[in-house]
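What follows is each chain in one-letter form.
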Amino acid sequence: MPPARAADRILRPIPKSGETIPAVGLGTWQAFDVAGDASETAQARETLKALVELGGRLIDSSPMYGSAESVSGQLAEELGVKSKLFIATKVWTSGKQAGIRQMEDSMRKLRVERLDLMQVHNLVDAGTHLATLREWRTAGRVRYLGVTHYHAGAHGDLEKYIRPGDLDFVQVNYSLAEPEAERRLLPAATASRTAVIVNRPFAEGAMFGQVKGKALPDWAKEIGCETWAQFFLKWILGHPAVTCVIPGTRNAKHVADNLAAASGTLPDEAMRRKMAAHFASL
Ligand SMILES: NC(=O)c1ccc[n+]([C@@H]2O[C@H](COP(=O)([O-])OP(=O)(O)OC[C@H]3O[C@@H](n4cnc5c(N)ncnc54)[C@H](OP(=O)(O)O)[C@@H]3O)[C@@H](O)[C@H]2O)c1
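Parameters at a glance
Residues numbered from 1 in each chain as written. Predicted model: local features only at pLDDT ≥ 70, side-chain atom pairs only at ≥ 80, totals over all residues. Heavy atoms only, no water. Near = heavy atom within 4 Å. Polar contact = N/O pair within 3.5 Å; in protein donor to acceptor, adjacent residues only side chain to side chain. Areas by Shrake-Rupley, 256 points an atom, 1.4 Å probe, with all protein chains shown as cover. Core = buried A, V, L, I, M, F, W, Y, C linked by side-chain atoms within 4.5 Å. Buried < 20%, exposed > 50% of the residue type's maximum accessible area, 1.4 Å probe, protein only. Contact = heavy atoms within 4.5 Å. Helix = DSSP H or I, 4+ residues; strand = E, 2+ residues; numbered from the N terminus. Expected span 1.5 Å × (residues − 1). Arc of directions from axis to C-beta. Salt bridge = Lys/Arg side-chain N within 4 Å of Asp/Glu carboxyl O.

Colleague: So what's going on with the site of the ligand? Which residues, and what values?
Modeller: Within the structure, the ligand sits among 30 residues, and Asp60, Asn122, Phe202, Thr249 and His254 are positioned closest to it. Within the side chain of tyrosine 65, a nitrogen or oxygen atom sits 3.4 Å from a nitrogen atom of the ligand. Separating an oxygen atom of the ligand from a side-chain N or O atom of histidine 254 is a distance of 2.6 Å. Considering the ligand on its own, with 900 Å² of exposed area, one finds that the protein chains cover 83% of that surface.

Here's what the structure looks like:
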């Protein structure tokens, strides 16, 4: 198969604006918390370079991720790719003033004057920060706002926040290993025209343990899967509510592998059921 081209990327619209973004992005938790280690920073640089060269745009960070914001900001500037990225980060603290200080700090670290997306991390003091962020969105300091969580126990709370329809994004765990979001949250996102970012697409890497040493089924070729990563990501992207999935990595080869999932055919509902049954049987 020829190398994937950036122009082949599947784009998905952000429902509230119609702006499109590539359907696979990059998570920076752990992977980009590498300030002070030259060789790991070089790996992160290659990873970010590969993301942009292969047509990816969204990177997701948080003040919770150690040096990931400042490393991302530094590398994006050095590589001259800041304007190509769709930069998402989070606020993760309590209190209005503490939130404002942290969000301004994040913008400095990421070296941007305006963030594409600011999300309330794990719903910490969400009401307070969303009030600030609605003002910031009106003032043009952030383009989009949203809420995140990583655990099915919080899906009901996420749903309450998105139901009224004035949030732009919800970020949530969703994978073959953690499919609970499709019961209520993903339909609620569609109903409220909320974009969905999927975190933990490989259950933090654990899903590769489940398939270790096992070959892909022959029929995976029908939807263009050459690796297990692509099998897992295409299953996620086959859900129409999903806007972008953000696998975490500091490995440029893995970025190429992951971005290849955002091209070609995606599974329909029947194929997704077959994929889920196969994964459950392993
Ligand atoms: N509450 C929240 O808001 C929240 C919570 C969790 C996560 N997140 C966001 O979601 C992102 C993704 O979640 P995650 O990092 O926890 O877990 P994940 O993406 O499910 O898994 C990451 C693991 O998968 C491996 N991996 C990535 N691509 C691979 C490939 N093509 N082949 C083989 N292994 C591959 C990585 O190893 P290598 O490094 O070796 O590639 C890493 O160990 C985070 O980075 C973060 O940005 C947000």
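There's plenty left to go through after this.
Colleague: Talk me through the nonpolar core; I want residue IDs and the actual numbers.
Modeller: Phe32, Leu48, Leu85, Val147, Phe231 and Phe232 are the most contacted members of the largest nonpolar core, which totals 79 residues. Apart from the residues within four sequence positions on either side, leucine 85 is in contact with Leu48, Leu51, Val52, Arg57, Ile59, Ala76 and Asp116.

Colleague: Outline helix H4 (residues 126–139), supporting the account with residue identities and numerical values.
Modeller: Its 14 residues give H4 an end-to-end C-alpha distance of 19 Å, which sits within 8% of 20 Å, the value for a rise of 1.5 Å per residue. Of the positions making up H4, those classed as buried are Ala126, His129, Leu130, Thr132, Leu133 and Trp136. Along the axis of H4, the buried positions cluster into a sector of 165°, meaning they face one direction only. In H4, those exposed residues whose orientation departs by more than 90 degrees from the buried face are Glu135, Thr138 and Ala139. Residues of H4 that are buried make contact with strand E5 (86–91), helix H3 (96–110), strand E6 (115–120), strand E7 (142–148) and helix H5 (155–162). Glycine 140 lies just past H4 and shows a positive phi near 80°.

Colleague: Before we move on, could you go through the pattern of salt bridges and cite the residues and values that matter?
Modeller: Scanning the model with the defined rule gives 21 salt bridges in all. When the shortest N-O distance is used, the salt bridge between aspartate 166 and arginine 134 registers 2.5 Å. With aspartate 166 in the loop between H5 and strand E8 (169–173) and arginine 134 in helix H4, this residue pair connects regions lying 32 residues apart in the sequence. Using a relative accessible area of 31% as the deciding quantity, one classes arginine 134 as partly exposed. Residues glutamate 269 and arginine 273 are paired through a salt bridge, measuring 4.0 Å at the closest nitrogen-oxygen approach. Taken together, the residues span about one helical turn, with glutamate 269 and arginine 273 both in helix H10 (residues 269–281) at a distance of 4 residues.

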